[in-house]
Amino acid sequence: MVDSTMPVDPAAAVGKNARAGDALVARLIAGAVILCGWEIVVRLSAPAFVAKPSTIAMAIPRVLVDPAFLASAAATLAGVVEGLAIALVVGTIIGLAIGRSRLVDVTLRLYVNIFYALPMLVVVPLFALWFGYTGAARLVTVVFASVFSIIVNVADGARAVPQEYVEVARSFRAAPLRSLFDVVLPASTPYLLAGLRLAAGRALIGAVVAEFITAVSGIGYFILYNSRTYHESEAFVGVLVLAGFGVGFDSLVGWCTRRFLPWYRRDRGA
Amino acid sequence: MSSAETNAAARIRVRGLAKRYGAFEVFRDVAFDVGQREVVTIVGASGCGKTTLLRCLDGLLPADGGEIWIDAQRLAAPIAGVAMVFQHFGLFPWKTVYDNVAYGLRMAGASREEIGRRVPHFIALVGLAGFEQAYPYQMSGGMQQRCGLARALAIDPAVLLMDEPFAAVDAQTREILQFELLRIWEGKPTSMIFVTHSIEEAVLMGDRVFVLKGRPSRVAETIAIDLPRPRTRATLRLPRFAELRERVWSTLMSEARQAEFQLSGG
Ligand SMILES: Nc1ncnc2c1ncn2[C@@H]1O[C@H](COP(=O)(O)OP(=O)(O)O)[C@@H](O)[C@H]1O
Ligand SMILES: [Mg+2]
């Protein structure tokens with residue numbers, strides 16, 4: 001029969017690997033072309049202080065051992081992690097309440113949507129006034145930037161909890177408040193994780209914006225200071241490190257999901 | 001065991017029960033008793049209100065009329081002595097077999113010691129020993145329903161409500177589970193209401209078969225199943241089994257035919 005005469009699967013697998021390899025090569029070539037183009041254009045037409053790949057590459061080791069830079073990076077990272085942790089706890093509780101209680105939903109939904117849509121650029125000056133030109137202003141900005149993505153996603157997840165689970169909980173006489181954390185929260189985890197990933201991106205932006213505006217030391221301020229003092233390559237290293245934080249956090253969430261939520265996605269055959 | 005005998009002391013008493021969803025009347029005037037060690041099976045066309053009736057009996061859904069009594073307690077909300085086994089298992093995917101089975105006990109505030117003693121016992125009873133740390137996604141449908149059954153049994157219910165518990169598993173597994181459930185029930189007989197759309201299953205499991213019929217539906221027909229217990233695979237070969245199966249079948253079919261004529265007529 002067809003199956004026994006045609007080794008479809010191995011061939012397909014090889015083809016797939018080959019395609020993945022092709023994609024990688026294409027990606028590397030595209031990256032190299034962009035970097036070369038950038039290098040050539042800057043060399044031909046821009047003053048020496050304008051950042052180009054070669055000077056950025058040379059700046060990397062210098063910046064990465066600079067104690068001032070490391071302190072800045074640590075300050076920003078600490079602010080982001082601390083703010084995200086606060087946003088996660090507060091956002092989860094408010095999100096669960098909105099998702100499961102009509103009263104809380106109609107009371108808060110409008111305000112959540114307004115604050116979610118508000119550009120953080122306009123609130124940072126207010127936070128700077130209220131909390132001073134300090135790390136506290138950055139922390140508040142990070143919480144503000146990230147908490148609403150978590151609220152909105154957790155509320156969606158809590159609303160979408162399969163009726164079956166709620167009914168099982170009621171059948172076994174679970175206390176409603178207990179079910180909120182025992183049933184609704186785990187059932188909403190996929191939404192929570194999606195919200196957390198969004199929140200992490202917004203938290204990083206929030207921290208940088210806060211540093212730009214309040215001049216609190218951190219990577220954002222490091223980038224601003226260096227680009228204003230014609231150390232553009234150093235500024236770019238700061239940008240790369242920020243991007244690294246973003247990618248790193250995403251991988252961390254992915255790893256935690258696989259490690260601590262083994263059931264997640266498996267039931268959908270992924 | 002005759003139904004008169006098993007009914008001597010009724011555990012469940014239903015009187016004049018009615019339920020509607022908006023203008024749609026699901027059932028009306030449903031009344032029956034279930035004895036302390038009696039299995040009542042309920043058959044009826046799809047959509048006739050079997051699940052709705054069970055949800056009322058579990059206290060999950062308020063009835064619009066009538067009363068449900070479990071022993072001396074009038075039902076208004078889920079009570080401690082009643083456990084449900086759900087058609088689609090109703091397991092929590094984020095909990096292991098152990099934690100799913102322990103769920104009812106934890107919610108009832110059982111002590112650590114009691115949970116540690118009862119949970120392994122019921123896991124073994126349903127044949128899931130060795131799978132304590134497995135997640136539902138790692139198990140077949142049959143194994144998942146074994147877990148659902150263990151969770152219900154673990155709270156030591158006086159009343160077991162089963163909503164087409166084996167409808168979502170393959171035929172072979174279903175047969176195995178039927179006899180396992182019979183074995184477990186014989187070990188500790190309780191009141192059980194077992195909803196099914198399989199006539200064979202209804203006859204095999206039940207002391208009485210209720211046929212839900214009509215619009216709105218009610219218990220139109222009660223068929224006493226005078227097959228000896230314990231029921232085993234040999235039961236399936238008894239001439240009496242075939243007779244009773246035919247009786248339930250013809251009762252259901254007269255309904256199906258009427259419904260068909262009503263549809264084609266108007
Ligand atoms: N929550 C609900 N709202 C409105 N109608 C419902 C609801 N649940 C069930 N029904 C309707 O009530 C009838 C009985 O449903 P159900 O009890 O699930 O039937 P069965 O279990 O016998 O198949 C069906 O026609 C169904 O469409
Ligand atoms: Mg049903």
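What you see as residue numbers is a count from 1 along each chain, following the sequence as written. Key to labels: chains lettered from A, ligands numbered from 1, both in the order written. Per-residue local features of the predicted model are confined to residues with pLDDT of at least 70, and side-chain atom pairs are confined, for both listing and counting, to 80 or more; whole-chain, interface and lining totals are unaffected and use all residues. Side-chain numbers come from the whole structure's heavy atoms, not from hydrogens or water.

Asker: Help me understand the overall build of chain B in this model?
Answerer: Note on conventions: DSSP H or I runs of at least 4 residues are helices, E runs of at least 2 residues are strands, and numbering of each starts at the N terminus. Within chain B one finds 8 helices and 10 strands. The quantity called the radius of gyration is restricted to C-alpha atoms. Its globule counterpart is 2.2 Å times the number of residues to the power 0.38. Expected size for 266 residues packed as a compact globule is a radius of gyration near 18 Å; at 19 Å, chain B falls within 12% of this value. Its C-alpha atoms put chain B at 60 × 45 × 40 Å along the principal axes. Throughout, exposure labels follow a simple rule: accessible area from a 1.4 Å probe, protein chains only, divided by the maximum for the residue type, with under 20% read as buried, over 50% as exposed, and the rest as partly exposed. Out of the 266 residues in chain B, the part that is buried amounts to 52%. In what follows, a contact means two residues having at least one pair of non-hydrogen atoms within 4.5 Å. Looking at chain B alone, contacts between residues at least 24 apart form 69% of all its contacts between residues at least 6 apart. Carbon together with sulfur atoms contributes 51% to the accessible area of chain B, which is approximately 11600 Å² in total. Distance from the positive charge centre (32 side chains) to the negative charge centre (29 side chains) of chain B: 2 Å. To be clear on the numbers: accessible area is Shrake-Rupley with a 1.4 Å probe, and residue cover counts the displayed protein chains and nothing else. As used throughout, the charge tally considers Lys and Arg to be positive and Asp and Glu to be negative, leaving His and the chain termini uncounted. For this purpose, a charge sits on NZ of Lys, CZ of Arg, CG of Asp or CD of Glu.

Asker: Where do I start with the site of ligand 1 in this structure?
Answerer: Residue and element names in this part refer to chain B. Throughout this document, a residue counts as near a molecule or strand when at least one of its heavy atoms sits within 4 Å of that molecule or strand. Residues in contact with ligand 1, as listed here, are Y21, F24, V26, A45, S46, G47, C48, G49, K50, T51 and T52. Residues adjacent in sequence count toward polar contacts only when both atoms are side-chain atoms; beyond that, a polar contact is any pair of N or O atoms within 3.5 Å, and within protein one must be able to donate a hydrogen and the other to accept it. Residue K50 places a main-chain N or O atom 2.8 Å away from an oxygen atom belonging to ligand 1. Contact with the protein chains hides 58% of the accessible area of ligand 1, taken as 560 Å² for the molecule alone. Secondary structure elements with two or more residues in the shell around ligand 1: β2 (24–35) and α2 (50–57).

Asker: Help me out: how do you make sense of the interface of chain B and chain A in this one?
Answerer: Accessible area lost upon the coming together of the parts serves often as the stated size of an interface. Opposite the 26 residues of chain B that make contact, chain A presents 20 residues. Here the quantity called buried area is the accessible surface, traced with a 1.4 Å probe, that two parts lose on coming together, added over both. Summed over both sides, the interface of chain B with chain A buries roughly 2200 Å², with 64% coming from carbon and sulfur. Salt bridges are defined as contacts in which a side-chain nitrogen from Lys or Arg sits within 4 Å of a carboxyl oxygen from Asp or Glu. In this structure, E167(A) engages R55(B) in a salt bridge whose closest nitrogen and oxygen atoms are separated by 2.8 Å. Where chain B touches chain A, the interface holds 7 residue pairs in polar contact (both at pLDDT 80 or more). Counting residues per element, the ones that place at least two in the side of chain B that touches chain A are α3 (97–107) and α5 (141–154) of chain B. No other element matches α3(B), which puts 4 residues into the side of chain B that touches chain A. Here the side of chain B that touches chain A is built from residues that sort into 17 nonpolar, 4 polar and 5 charged. Any residue outside Ala, Val, Leu, Ile, Met, Phe, Trp, Tyr, Cys, Pro, Asp, Glu, Lys and Arg is labelled polar, Gly included; the first ten of those are nonpolar and the last four are charged.

Asker: Looking at this structure, I do not really get the pairing of strand β4 (residues 65–70) of chain B. What am I missing?
Answerer: For a regular strand, side chains alternate in direction, first toward one face of the sheet and then toward the other. All names here are of chain B. What makes two strands pair is DSSP finding at least two bridges between them. Here 5 bridges tie strand β1 (residues 10–21) to β4, and the two strands are oriented antiparallel to one another. Among the inter-strand pairings, A18 is bridged to a residue of β4, identified as G65. Direction of pairing for β4 relative to strand β5 (residues 73–74): antiparallel, over a ladder of 2 bridges. Residue pairing in the sheet places W69 in a bridge with R74 of β5. The turn joining β4 and β5, which pair antiparallel and follow one another in sequence, is formed by 2 residues; a positive phi near 50° is taken by D71.

Asker: What's the story with the pattern of salt bridges in this structure? I'm lost.
Answerer: Any two side chains of opposite charge can pair, given that their charged atoms come close. Scanning the model with the defined rule gives 27 salt bridges over all chains in all. A single network of salt bridges, built from pairs that share partners, joins D105(A), R109(A), D156(A) and R159(A).

Asker: Looking at this model, I keep getting lost on the sheet that holds β5(B). Mind explaining?
Answerer: Remark on secondary structure: sheet strands pair via backbone hydrogen bonds, oriented parallel or antiparallel. All names here are of chain B. Strand order in the open sheet formed by 4 strands is β2-β1-β4-β5, with antiparallel pairing between adjacent strands. Each edge of the open sheet is held by one strand with a lone partner, namely β2 and β5. Contacts from α2 reach β1, β2 and β4 within the one sheet, and its direction differs from that of β1 by about 125°. Simply put, an axis is a line fit to the C-alpha atoms, just over the touching stretch for a helix, and the angle between two N-to-C directions goes from 0 to 180 degrees.

Asker: What should I look at first to understand the domain arrangement of chain A in this one?
Answerer: As far as domains go, chain A holds domain 1 (17–50) and domain 2 (64–268). Placing a centre on the C-alpha atoms of domain 1 of chain A and another on those of domain 2 of chain A gives a separation of 33 Å. In this document the domain limits rely on a domain assignment from an automatic tool or a database.

Asker: What is the right way to read the pairing of strand β7 (residues 159–163) of chain B from this model?
Answerer: Residues and elements named next belong to chain B. Counting buried residues along β7, 5 of its 5 residues qualify, which places the element largely inside the surrounding structure. Neither face of β7 is left uncovered, since the one carrying V159, L161 and D163 and the one carrying L160 and M162 both have all their residues buried. Here strand β6 (residues 82–85) runs beside β7; their pairing, made up of 4 bridges, is parallel. Opposite V85, over in β7, you have M162 as the bridge partner. As defined by bridge partners, β7 adjoins strand β8 (residues 191–195) across 5 bridges and the pair is classed as parallel. Bridge assignment links L161 to a residue of β8, and that residue is I193. Tracing the backbone out of β7, into helix α6 (residues 171–187) and back to the parallel element β8 gives a crossover that is right-handed. Orienting the strands away from the viewer, one traces the path from the first strand over the helix to the second; a clockwise path indicates a right-handed crossover.

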